[in-house]
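What follows is each chain in one-letter form.
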Amino acid sequence: MPTPTELPAWKKLKAHAAQVRNLDLRQAFASDPARVETFSLTFEDLFLDYSKNLVTEESMRLLFELAREAKVEEQRARMFAGEAVNFTEGRAVLHVALRNRKARAFKVDGQDVMPEVRDVLSRIETFTDEVRSGRWLGHTGKKITDVVNIGIGGSDLGPLMACHALAPYASKDLNAWFVSNVDPAHIADTLAKLDPERTLFIVASKTFTTQETMTNAGSARDWLLASLKDDAAVAKHFVAVSTNAKAVSAFGIDTKNMFGFWDWVGGRYSLWSAIGLVIALYVGFERFAELLAGAQAMDEHFETAPLETNLPVVLGLLGILYNDFMDAQSVALLPYDQHLDRFAAHFQQVDMESNGKRADRDGHLIKDYQTGPIVWGEAGTNGQHAFYQLLHQGTKLVPCDFLVAARSLTPLGDHHQKLLANCFAQTEALAFGKTESEARAELEQQGVEGETLAKLLPSKIFPGNRPSTTLLYKELTPHRLGSLIALYEHKVFVQGAIWNINSFDQWGVELGKALAGKILPELDPKAPLPTGHDASTNGLIARARHFMA
Ligand code: F6P
């Protein structure tokens, strides 16, 4: 594969981007009444408006040319065909199979994985019904009222985000809790609110070796047994979600209470697997199935729609334009939807763990282009009162995605209209700003003049031409949530395909884990003070031990 910078479209985009970087959106809208029609797409009741981006028809033509030259379609086909696209780990990448609700086969090494996928789903359905109906009881015969998902990274963020998003669909009799951090405060604060007789723990870990999860699971088991005083209680209060049956069994969980998944499911793409058990328990299996169906609808769209009308492709290409041709360092995900308050956190992992890479697929270090952006964000309107100042008047280019539902699932007075008004207003302000003459006229109207006016004026100007994309949907149903998550997952795929990187490994998390393993015994007060690290690390360990004594 040629590197992206060698592709003809990349070279053309370099020259082209220098011009559109200065595109005047006021003028672009004034001179083209059809701009929104040209730069928008519809998928079911989801409307994607990308007209407020720094693009012309020529920009999009070049970007689609780039996608074709980078063989995005071929790479997409290889993923759907179950080829080992995660080549550093020799694994297929088939989260799309997990949400395949149709008769289609998905093969890994010539073997259809769907029978196993359906089998686990049906076990999830049975278990979910048992717990929710009260047929599954705790060790002392009491109904389960609280489920605690113990996991981290992909075994936490996706289910956590989805449970927040689907809270309006949740049963009032079952609470979902999430414990991820190894900081004792996380599990201690959570357990303090719970009744051991009514609590079910899901130990969610693909590998079942992750330090944080195994430590939290051990402490949860101790807490349970300290109260119920019978080892047999574990069977009624602990289930596991993992690919590692041996480790599950060694922990003391009967493998009949284990829900499996497979190495072709990446952690950050695993909420669709048994890792989503907590979601199914929280909102019911039917809603979980709707979530899967929403994702599948987006998968079909991604797999079959022409690049020009393909939502994940368009989002991915816009990101490439800013990241690689306009020096943008980050992307803001701004859901005007309180239920999506963890959306940015989840996609921080999906995007940054997938595309935060510096080695390409041919084993070369990347030297002359940028890969994954920094992903961040916060639910609106809160963000407006925190960091939007920088978005509007700072010196950095931050492309923003606004996500908003036309209808609230929890309507109350005119709250939702106010939310929508704020969302749309922000996209308008970012794009069109306030010109110098408008700012001057306003100040003059307030009686400000002369030197005072001259001094104030620069602070009152909004430069505008700050790009944003708006995703407007009818309401945040499980189906819509599924399609939104799949949309962003595939966007990340498109970008990784163009950057010629493996989006499905995460070797960058290993070094810190290994060093933590080395430092842990050195924190023991009885161990000799370490000398084997650098002076800073040795000193930090010594000082911490001094404070701990
Ligand atoms: O942070 C690294 C990572 O491997 C993630 O990719 C993964 O989601 C997380 O740790 C948790 O892993 P596991 O599910 O195996 O406990």
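Residues numbered from 1 in each chain as written. Predicted model: local features only at pLDDT ≥ 70, side-chain atom pairs only at ≥ 80, totals over all residues. Heavy atoms only, no water.

- The name recorded for the chain in an unreviewed UniProt entry is Glucose-6-phosphate isomerase, from Arboricoccus pini.
- What UniProt states about the chain under its Subcellular location (unreviewed entry) heading is, verbatim, "Cytoplasm".
- Taken verbatim from the UniProt record of the chain, the Sequence similarities (unreviewed entry) comment is "Belongs to the GPI family." (UniProt positions renumbered as here; feature names shortened; annotations may be inferred.)

**What to know about the pattern of salt bridges**
Phase 1 of the analysis: Across all of its chains, the model carries 25 salt bridges by this definition.
Phase 2 of the analysis: The closest approach of N and O atoms between Glu-89 and Arg-91, which form a salt bridge, is 3.8 Å.
Phase 3 of the analysis: Residue class for Glu-89 comes out partly exposed when judged on its relative accessible area of 25%.
Phase 4 of the analysis: The class for Arg-91 is partly exposed, based on a relative accessible area of 24%.
Phase 5 of the analysis: A salt bridge links Asp-195 to Arg-198; its shortest N-O distance comes to 3.8 Å.
Phase 6 of the analysis: Taking the relative accessible area as the measure of exposure, Arg-198 reaches 27% and is therefore partly exposed. (Salt bridge = Lys/Arg side-chain N within 4 Å of Asp/Glu carboxyl O. Buried < 20%, exposed > 50% of the residue type's maximum accessible area, 1.4 Å probe, protein only.)

**Thoughts on the site of the ligand**
Phase 1 of the analysis: With respect to spatial proximity, 13 residues lie near the ligand, and among them Ser-155, Ser-205, Thr-207, Thr-210 and Glu-353 are the closest.
Phase 2 of the analysis: Ser-205 places a polar side-chain atom, nitrogen or oxygen, 2.6 Å from an oxygen atom of the ligand.
Phase 3 of the analysis: A distance of 3.3 Å is found between an oxygen atom of the ligand and a side-chain nitrogen or oxygen belonging to Gln-349.
Phase 4 of the analysis: A total of 400 Å² of accessible area belongs to the ligand in isolation, and the protein chains cover 86% of it.
Phase 5 of the analysis: Considered class by class, the residues forming the shell around the ligand number two nonpolar, nine polar and two charged. (Near = heavy atom within 4 Å. Polar contact = N/O pair within 3.5 Å; in protein donor to acceptor, adjacent residues only side chain to side chain. Areas by Shrake-Rupley, 256 points an atom, 1.4 Å probe, with all protein chains shown as cover. Nonpolar A, V, L, I, M, F, W, Y, C, P; charged D, E, K, R; others polar.)

**Some remarks on the packing of helix α16 (residues 343-355) against helix α21 (residues 478-499)**
Phase 1 of the analysis: Running from N to C, α16 and α21 point in directions that differ by 25°, and their axes come no closer than 10 Å. Judged on the interaxial angle alone, α21 and α16 are roughly parallel. Where α16 crosses over α21, the two elements pack in a sense that is right-handed. Residues Phe-343, His-346, Phe-347, Val-350, Asp-351, Ser-354 and Asn-355 of α16 form the contact with α21, whose participating residues are Leu-484, Ile-485, Tyr-488, Glu-489, Lys-491, Val-492, Gln-495, Gly-496 and Trp-499. (Axes fitted to C-alpha atoms, helices over the stretch in contact; angles between N-to-C directions. Helix = DSSP H or I, 4+ residues; strand = E, 2+ residues; numbered from the N terminus. Parallel < 35°, antiparallel > 145°, perpendicular 65-115°, else oblique. Left-handed = near helix turned anticlockwise from the far one by under 90°. Contact = heavy atoms within 4.5 Å.)

**A short note on the sheet that holds strand β13 (residues 468-473)**
Phase 1 of the analysis: Pairing is mixed in the open sheet, where six strands are placed in the order β1-β2-β13-β12-β10-β11. The open sheet has two edge strands with one neighbour each: β1 (40-43) and β11 (374-377). Between one strand axis and the next, the sheet turns through 15° on average, direction left out of account. (Pairing = 2+ DSSP bridges.)

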